[in-house]
Each structure stands twice: as C-alpha cells, then as structure tokens.
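Architecture at a glance
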Amino acid sequence: MIPNIDFLSGLNDQQKQAVTAELGHVLVLAGPGSGKTRVLTHRIAYLITQMYLPPSNILAVTFTNKAARVMENRLENLLGQKPEGIWLGTFHSICARILRREAEHLGFTSNFVIYDDDDQQSLIKTAIREMNIDEKMFRPASIRSVISAAKNNMQTPDDLTSRTYREEVNLRVYRRYQELLRASNALDFDDLLNEAVNLFAANPAVRDRYSRRFREVLVDEFQDTNTAQYQILRHLGITGNSLFVVGDEDQSIYRWRGADYRNVQSFERDYPDSKKILLEQNYRSTQMVLDAARAVIDHNINRTPKRLFSDNGRGETITVYESVDDKTEAEYVAETIRNNINVKQWKGSQVAVMYRTNAQSRLLEESFLKANLPYRLVGAQRFYGRREVKDIIAYLRLVYNPSDEVSLARVINVPTRGIGDKTVAALQQHAHDLGISSGEVLAGLGRQGQESPHFPNFTARVANGLADFGANLISWRDANTKGIPLTQLVQRILDDIRYEDYIDDRTEEGHQRWENVLELMKIALEFDDRGLDEFLERLALVSDQDTLAEDVEAPTLLTLHAAKGLEFPVVFITGLDDGVLPHSRSLDDPEEMAEERRLLYVGITRAKDRLYLTRADRRSGYGSYENCSPSRFLKDIPSQLVLRQGLIAPTRVGRSPFKQRTESYANWTTPSPSYGTFRPAPRQQKQQVEQRFPANCRVKHEVWGEGLVVKSVLEDGDETVDVFFDTVGFKRLAASLARLEIVP
DNA sequence: CAAAGATCGCTTTTT
DNA sequence: GCGATCTTTG
C-alpha cells in the first residue's frame, strides 16, 4: 500500500469528518451530487492505509452492480492497486456468496440456481396448474407480486392468514411455490436476502464469524434497504463492529420493492451513539437546477430538511417543452439534441433522455433513428431477456443443477425433439411419484436406455426421445465435471442440439438471434477459466441495467430509476404528464405520490448544466390516443426558472415571444378549453405557397436573432418552419407571420 | 405433434 | 399494438 497519499486533500469539512470518523456507527446523509461515492471510496482507502485495517475486514455494499464496479475502479485508482480480500458487491451477490459457503447449514445445496422474475412466474404457473386453479381468475403475475410482497416483509406462508378465498388461494400457491423452489434447488431474489437472515438467526456461531470478520461494513444507498437487508446489517453489527451507511431519504425510489427510507430513522434509533453527518454542498449542478429540484421535493413531508447549495453559478434557464402528442415530443428531443450537437458542439455522450416507463423508449428510439442519431439504451430487456439467450442459459443451468425444473421445462423441447406437453406432464408425474427430479429420470434413461426401470413408463417412441435427451445431459455434465473450458461446453451444447439451424431461419431476425447467441459466447469467454458456477451467478445477478457501453459517443436513453447515481451535463425528462409522472397507479396513495416526486427529484438532480422537461397533450396508449394534462409537479417549479416552448399555435409564437416567458405554471387551470387538442390558428386564405426557407438555410428573426432551419413544411396555405436559434434554441414559426429573412 | 392463424389482455419502476 | 395463449389445420 502507498501510505503517503493524502486522502483528505480536496475534501470539504463534512466530507473529511465522514472519511476520518472513528470506527463506530456513522450515518451520512448525502444530497445529490455531494460527493457520496467519493466519501465512500476515500473512507475505504483511509481505513486501509491510515488505520491499517486489512481489506479483508471490509465489506462494502452497493445497490447495483454498476455502482460496485465504479467503486472498485475508483479504489484501484486511489490505492494504485486492487485491494485484496475486500468484499464489494450488491446485497444480493454478497448474500449468494455467503449462502453458497454455508449451504451445509441450510435446506439446499451450494449449487443452487437463482430464479429471476420470469422463472418465478413459470414456477408459479406450474403450481397453479398442479392445483387445478383457474389461471384466468388467479393470474400468475398477480400471485407473483403478492408472494414477492410477502417475502419483502419476510413473511413465510406460516406467518400469513387468509380472510378471503382469494387470499386463501394466494397462500396455497405461495406454499406450493416454495416447495417447488426447494425441489428445484433454487432461490429467488427475495430468498437470497431472507435465507441469509435466517442463516444468521439460526446459527449464531456462523453469524459471529461474519460479524467479526467485517470490522467495517459500508452501505451505499442506505435509504433503499428493505427489512431483510436491514436485518442483515443488524446481525453483522452484533459483535460491535462498525457500520458506515450513506443515503438520502429524498432519493428513495424502491418502495415497491420493499425499500423503506424510514430505515434511516431506525438506524438513529437502533444506534443511539451514532454520528450523523450532512453533506449539503452540491458539486454537480447549477443553482437553477438545484432550485427546481428543491421546489419539487419540498412538498414532501417526513424528511430531513437539507439546504443544498452550489458554487457552480446560476446556470441556464430550464426549458419546458409541450407538444401536441408523444410522437412530436420524441421528435423534439431528438432534433434538439441533433441540432445542439451540430451548433453548440454538445457531445452525444453528455446527454441523457429519461422516462418513467420503459414503454416510452420506443417512440424516442424511432425519432432518434429518423434524426440519424445513434443512442444507447439502458435496460428494457435488450439482451438477457431474449428468447435465444434464455434458452442457452437454461441449458447451462440444467447442466449445473439437474434439479432445475424450470430450466428443464424450458429446453426439453427446444429445438423440437418430439417431446410435447403431454410427455412432459407424464415425466413430471412419474418423477413426482418417485420423489425425485425430472432431471434424474432423464439421466437414468440416458444412462441405461431400454434397461432403465423408467423406460416401461412411456411408449417406446417417447421413452427413446427422452433417453436421447438424457444421454446428452449426461455427456455435458461429465464434460463440465472434467473441467472443460466454458466456451467449449457451450459450443458442444450448441453443436449437439443444432441450435444455429433452429434459431437462424435465414431471415433478418434469425441472423440477429444467432448473433445474440454469439454475443453470449463472448461473455462466456471471460469466464473460461472461472467456470460455469461464476458465469451463472453473473448472469443471474448482473442485469441489462448494468450493461452501459462506456465508450460510445451517443446520448443515453434510460428510466428514471436506472438514472440514479449517474450524472449528465444535459438531461431531458420526458412525459411530464399526470398519469405518466406521477404514474396513474400512484395517484390515489400519498406515499406512492411522494415516491413519484422523489423520482422526478432524482431525475432533475442528474443534470449538471442544462435541463429540459417535456410533455404532450395526447399519448398513444393501447393503440388509441388519450388526452393528458400537465404533471402536477410542473406547477411546483417557479416560473422564473422556466422558459416555456411549444404547443402554441404558430402565429402566437411569432407575435408574442415574451408571453411564454412570463406565463407561470402556477396560474394554470387545467384542463383549459384551448388546451387538449391541437388547433392551428385559422387562416384567411388557403392558397399554394412556395417554400422560402428550406432546411439547413440560415435565417434571421427580429427578436431571436439568427438560427438554422431544421425543417420546413408546406401546409394549410402557409409554410411552417422549425428553426434552431443560436440564442434561444428551438422554435416553430409560421413563415407568413414571423418575418424571417434569409441570411446569406 | 408442430406450425400457422385468431384472440385475448394488459403496461411501473428492478436486484 | 404487442406478446402470450388458444384454435385450427396439416
């Protein structure tokens, strides 16, 4: 280690206090952009080099894998080398690691697989069918959320009572689901946390071992911990070790997943000796952005008031753009970005476009394509959710853990090998009767063929089909046990099942599907010497949200949730309409509404310099249009911070440029009569006009100065010109009224 | 049993 | 307006 680096230079007083706090219980309340990650990494570096705490005595928990990676890199930069032995990862990955080590104390073996939501739902469906419950009445998706909610509260089936028939069914399915999970030697995401708590609660010796080992436990995004996570911290703190938690109640956005920002308050209650440090200086945003953010968040109650301030100057006015519909909104975003890249030399990677729901990304993607702008999309099931990728993963999981019924059901007839639903049902029934897994029956058939005791249970044709598949499974498993490199194992499976022939049907999509398989191979290559277990763990716990190509020079499209922890010079937040943000499902619950508000707060505070908020009067829902009114949060932003644009009939734009600047959202009555439908101003004469201001020519306006024509269309006997002005940005004008002149 | 066509039902956010 | 599920046909 390098002891002579001064880890404290460049830190403000509060940051210094946090970094150098004595081992104990420390709560750091860190506003957005206040150097939270910096504090965490410097704290770790300080402990290692100044306090001589061995890295192996440190556990650092982050909320996403991305955040863990960032922290790892920064630590390496600070220390000049990777700290050996430190545990750094998400709660889920840390728990998985502990559970695999301590499987002997648990009701499953260390090669358990981790089920994601899809797997969870298939298993619930299996349970429902098994119990002859009507799938229409009791939807697997809704039962899944009930089960998950119970698990988030650490409630087992035994902890629940049922008052209605529906609750009774939910409970029975929950019970059966849990049995099926264990029979498959599988844990779902919630189990990872809950089983870790159970492990510690039931085995004090094990608990103390970990508690003593981790003399300092650091937790990032503490406001988003749930009951189980908080319990884990309690257990780890049992031997009096040090807890250093960093969070911000105002950025708690995972209530629906069981997160409880009141854990921040519980911490102070449970550790009365704890030291509280507030980080209020913001190093990220302009004052304009902070003022807007504060105006939004100040409406929430039950929070520690913070006074965020910044030295970054006043900054540029926030643009609020309103459009007739969501398509126009998306086009505005793409065109504004493209123009600013051309005119103001924005770099694509400095820009982020955020939205409430993933579904909103589609129109944005289309408009980016149309504007010829590359983009990078975070999440939304781009890769790991694809059928072909999931197929291959299921094969690998089955090789790793023969009991995995969900994976077996998924691949047993992919590619089709004549094993239909009836055969699968018969196989499962037979296995169930013998009290073994379907995989074991298959293996028996594969090993002994016609000699197998299972053989007579099926018709010869079916039994042979099953035996062939079983033989394949055995050979892959043997190969894996002998330790062949991962990529060779994958290659062998692909060859044996002729997957390319199956998946690539020589259409464009077919080629793409095969490309995805090859992409998975590429990832497998990184794990060639680490093995199948680590590969599967990574696939289970590292999501699409973590796959952000760092070095692409393009704007980022992402949900507000995915934006947490990131920052961008320019931020667009789209869909500022009631029903979208706040989301319609939140409107009737004050707690949910408070969370929607925090979500917008998180979005706004991602912006360093420039913030755009956009909305639309009409949005396409299920295929038809729905009218929208402006988000109630918009009204909370003081009008002097805002420049309003768009949704003003072209004529009015030309005539009263200052009206828009002074009009305040606070004065709005919505829905106002002139609002809701797009009505171009009536025109006296409808005659053919000629195009005078073609795209890409430069024009001059008496008020706004010079600008570049982006688009010009002839309609209704007038020419509508979209101009990007050098000073005020994007405007839509009617050529007959705007008195534009061409600049040579 | 598999592929192609018809119909239903639903959209929040993610480890 | 999409994907998962049901229905029909070969």
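Here's a quick rundown of the structure. These numbers were taken from a predicted model, which means no experiment stands behind them.

To continue, consider the overall build of chain A. Broken down by element type, chain A carries 28 helices and 23 strands. Here chain A has a C-alpha radius of gyration of 29 Å; the compact-globule value for 744 residues is 27 Å, and the two agree. The dimensions of chain A, computed from C-alpha atoms along their principal axes, are 90 × 65 × 55 Å. Residues counted as buried form 56% of the 744 residues belonging to chain A. Within chain A, contacts between residues at least 6 apart in sequence are counted, and of these 75% link residues at least 24 apart. On chain A, roughly 33,500 Å² of surface is accessible, and the fraction owed to carbon and sulfur atoms is 47%. Taking the 95 positively charged and 104 negatively charged side chains of chain A as two groups, their mean positions are separated by 3 Å.

Right, let's talk about the nonpolar core for a bit. If you look at the biggest cluster of nonpolar residues, it comprises 68 residues, and the most contacted ones within it are Leu 396, Ile 412, Tyr 499 and Phe 535. With nine residues, the top contributor of residues to this core is helix H15 (residues 387–400). Ranked by size, the runner-up nonpolar core spans 41 residues in total, among them Tyr 254, Met 288, Val 571 and Met 593.

Our focus in this paragraph is unusual backbone geometry. Note: most peptide bonds trans; most residues except glycine with negative phi. With an omega of -5°, the peptide bond running from Val 414 to Pro 415 counts as cis. Inspection of the secondary structure assignment puts Pro 415 in the loop between helix H16 (405–411) and helix H17 (421–434). In this chain, Leu 581 is followed by Pro 582 through a cis amide linkage whose omega measures 5°. Along the chain, Pro 582 turns up in the loop between strand E15 (568–573) and helix H25 (590–604). Despite not being glycine, Tyr 52 has its phi angle at roughly 55°, a positive value.

Turning next to the packing of aromatic side chains. Under the counting rule described, the total for this entry stands at 18 aromatic pairs. Their ring planes at 10° and their centres at 4.3 Å tell us that Phe 572 and Tyr 612 sit as a pair that is stacked. Taken together, the residues span a long stretch of sequence, with Phe 572 in strand E15 and Tyr 612 in strand E16 (residues 607–620) at a distance of 40 residues. Pair check on accessibility: Phe 572 and Tyr 612 agree, each one buried. Directly above the ring of Phe 63 sits Lys 564, whose terminal nitrogen or CZ lies 4.9 Å from the centroid. Of note, Arg 610 hangs over the ring of Tyr 612, and the distance from its end group to the ring centre comes to 4.5 Å.

Between its terminal C-alpha atoms H15 stretches 20 Å, which fits the 20 Å expected from 14 residues at 1.5 Å a residue. Judged by how many residues are buried, H15 sits mostly within the fold: 13 of 14 residues are covered.

To continue, consider the protein's contact with DNA strand C. The local shell around DNA strand C consists of Lys 125, Arg 362 and Tyr 622. In DNA strand C, the atoms that sit within 4 Å of the protein are 25% sugar and phosphate, with bases accounting for the remainder. Between DNA strand C and the protein, one listed contact pairs a phosphate oxygen with a side-chain N or O atom of Lys 125 at 2.2 Å.

This paragraph deals with the layout of surface pockets. Within this model, the second largest pocket holds a volume of roughly 1,900 Å³. Listed by contribution, the elements that provide at least two residues to the lining of the second largest pocket are helix H3 (65–79), strand E3 (87–90), helix H4 (91–101), strand E13 (376–377), H15, helix H22 (508–526) and helix H23 (532–541). Among the elements that make up the lining of the second largest pocket, the one with the highest residue count is H22 (eight residues). Of the residues in the lining of the second largest pocket, the class split is 19 nonpolar, nine polar and 22 charged.

For any two helices packed against each other, the geometry is given by the interaxial angle and the distance between the axes. Remark: helix H1 (residues 13–20) packs on helix H2 (residues 36–49), axes separated minimally by 8 Å, with the N-to-C direction vectors making an angle of 45°. With respect to each other, H1 and H2 are oriented oblique. For the element pair H1 and H2, the recorded crossing hand is right-handed. In contact with Gln 15, Ala 18, Val 19 and Thr 20 of H1, H2 contributes Val 39, His 42, Arg 43 and Tyr 46. Broken down by class, the residue content of the contact of H1 with H2 amounts to four nonpolar, three polar and one charged.

The next thing to look at is the sheet that holds strand E8 (residues 275–279). Read from one edge of the open sheet, six strands run E3-E2-E6-E7-E1-E8, paired in parallel fashion. Single-partner strands in this sheet number two, and they are E3 and E8. Each adjacent strand pair in this sheet contributes to an overall mean axis angle of 15°, direction not counted. Here strand E6 (residues 216–219) runs beside strand E7 (residues 242–247); their pairing, made up of four bridges, is parallel. The residue of E7 that forms the bridge with Val 217 is Leu 243. H1 contacts strand E1 (25–30), E7 and E8 of the sheet and is inclined by roughly 145° relative to E8.

So, on to the environment of Ala 45. You can see Ala 45 is positioned in helix H2. Here Ala 45 falls in the buried class, since its relative accessible area comes to 0%. A sequence separation of 33 residues divides Ala 45 from Leu 78, and the C-alpha atoms of the two residues are 7.1 Å apart. Not counting residues up to four positions away in its chain, the partners in contact with Ala 45 are Phe 7, Gln 50, Leu 75, Leu 78 and Leu 79.

So, on to the environment of Asn 302. Considering the arrangement of structural elements, one finds Asn 302 in the loop between helix H12 (287–297) and strand E10 (309–310). The exposure class of Asn 302 is exposed, given its relative accessible area of 52%.

Neighbouring DNA strand B are 26 residues; Arg 257, Arg 356, Asn 358, Ser 543 and Tyr 622 lie closest to it. What you see for DNA strand B is that sugar and phosphate hold 51% of its atoms within 4 Å of the protein. The separation between a base oxygen of DNA strand B and a polar side-chain atom of Asp 117 is 3.3 Å. Here a phosphate oxygen of DNA strand B sits 3.1 Å away from a polar atom, N or O, in the side chain of Thr 423. For the surface near DNA strand B, a count of residues per class yields six nonpolar, 14 polar and six charged.

This brings us to empty space enclosed by the protein. On inspection of all chains with the given rule, the structure shows six cavities of 30 Å³ or more. Estimates place the volume of the largest cavity at around 80 Å³. Forming the boundary of the largest cavity are Asp 250, Leu 290, Ala 293, Arg 294, Ile 297, Arg 303, Lys 306, Leu 308 and Tyr 601. Tallying contributions element by element places H12 first for the lining of the largest cavity, with four residues. Here the residues of the lining of the largest cavity sort into five nonpolar, no polar and four charged. By volume, the second largest cavity amounts to about 60 Å³. Residue lining of the second largest cavity: Leu 59, Val 61, Phe 91, Ile 94, Cys 95, Ile 98, Val 217, Ile 232, Leu 233 and Leu 236, and that is the complete set. The set of elements that each furnish at least two residues to the lining of the second largest cavity consists of strand E2 (58–62), H4 and helix H10 (227–236). By residue number, the principal contributor to the lining of the second largest cavity is H4, which donates four residues. For the lining of the second largest cavity, the class distribution of residues is 10 nonpolar, no polar and no charged.

Cut-offs used in this document
Every chain begins its residue count from 1, and numbering advances along the sequence as written. Starting at A for chains and at 1 for ligands, labels are handed out in the order in which the entities are written. Thresholds applied to this predicted model are a pLDDT of at least 70 for local features of residues and 80 or more for the giving and counting of side-chain atom pairs; totals over whole chains, interfaces and linings are not thresholded and use all residues. Side-chain measures here rest on the full set of heavy atoms in the structure, leaving out hydrogens and waters. A run of H or I in DSSP becomes a helix once it reaches four residues, and a run of E becomes a strand once it reaches two; helices and strands are each numbered from the N terminus. It is over C-alpha atoms that the radius of gyration is taken, and the globule rule equals 2.2 Å times the number of residues to the power 0.38. Residue exposure (1.4 Å probe, protein chains only): buried if accessible area is under 20% of the type maximum, exposed if over 50%, otherwise partly exposed. The contact rule is simple, with two residues in contact once any of their heavy atoms fall within 4.5 Å. With residues, only the protein chains shown are counted as cover, and all accessible areas are computed by Shrake-Rupley using a 1.4 Å probe. Working convention for charge: Lys and Arg count positive, Asp and Glu count negative, and His plus the chain ends are omitted. Charge coordinates come from a single atom per side chain, which is NZ of Lys, CZ of Arg, CG of Asp or CD of Glu. Here the nonpolar core consists of buried residues drawn from Ala, Val, Leu, Ile, Met, Phe, Trp, Tyr and Cys, with membership extended through side-chain atoms lying within 4.5 Å. Pairing of aromatic side chains here covers Phe, Tyr and the six-membered ring of Trp, requires ring centres within 6.5 Å, and sorts the geometry by plane angle: under 30 degrees stacked, over 60 edge-to-face, intermediate tilted. Cation placement over rings: the criterion is NZ of Lys or CZ of Arg within 6 Å of the ring centroid and within 35° of the ring normal. Helix span, expected: 1.5 Å multiplied by one less than the number of residues in the helix. Nearness is judged by heavy atoms alone; a residue qualifies as near a molecule or strand once a single heavy atom is within 4 Å of it. Distance and chemistry together define a polar contact, namely a pair of N or O atoms within 3.5 Å, with one atom able to donate a hydrogen and the other to accept it when in protein, and with adjacent residues in sequence counting only for side-chain atoms on both sides. The definitions used throughout rest on a 1 Å grid laid over the protein atoms alone, on which a cavity is an enclosed set of points accommodating a 1.4 Å probe that cannot get out and a pocket is an open set flanked by protein within 12 Å on both sides along at least five of seven lines; lining residues are those having an atom within 4 Å of a point. Grid points are joined across faces, edges and corners, and a volume is the space filled by probe spheres set on the points. Note that Gly is not counted as nonpolar here; it falls among the polar residues with everything else outside the nonpolar set of Ala, Val, Leu, Ile, Met, Phe, Trp, Tyr, Cys and Pro and the charged set of Asp, Glu, Lys and Arg. Comment: axis = line fitted to C-alpha atoms, over the contacting stretch for helices; angle = value between 0 and 180 degrees taken between N-to-C directions. An angle counts as roughly parallel when it lies under 35 degrees, as roughly antiparallel when it exceeds 145, as roughly perpendicular when it falls between 65 and 115, and as oblique in every other case. Crossing chirality is assigned from the near helix's rotation relative to the far helix, an anticlockwise turn below a right angle marking it left-handed and a clockwise turn marking it right-handed. Any two strands with at least two DSSP-identified bridges between them are counted as paired.

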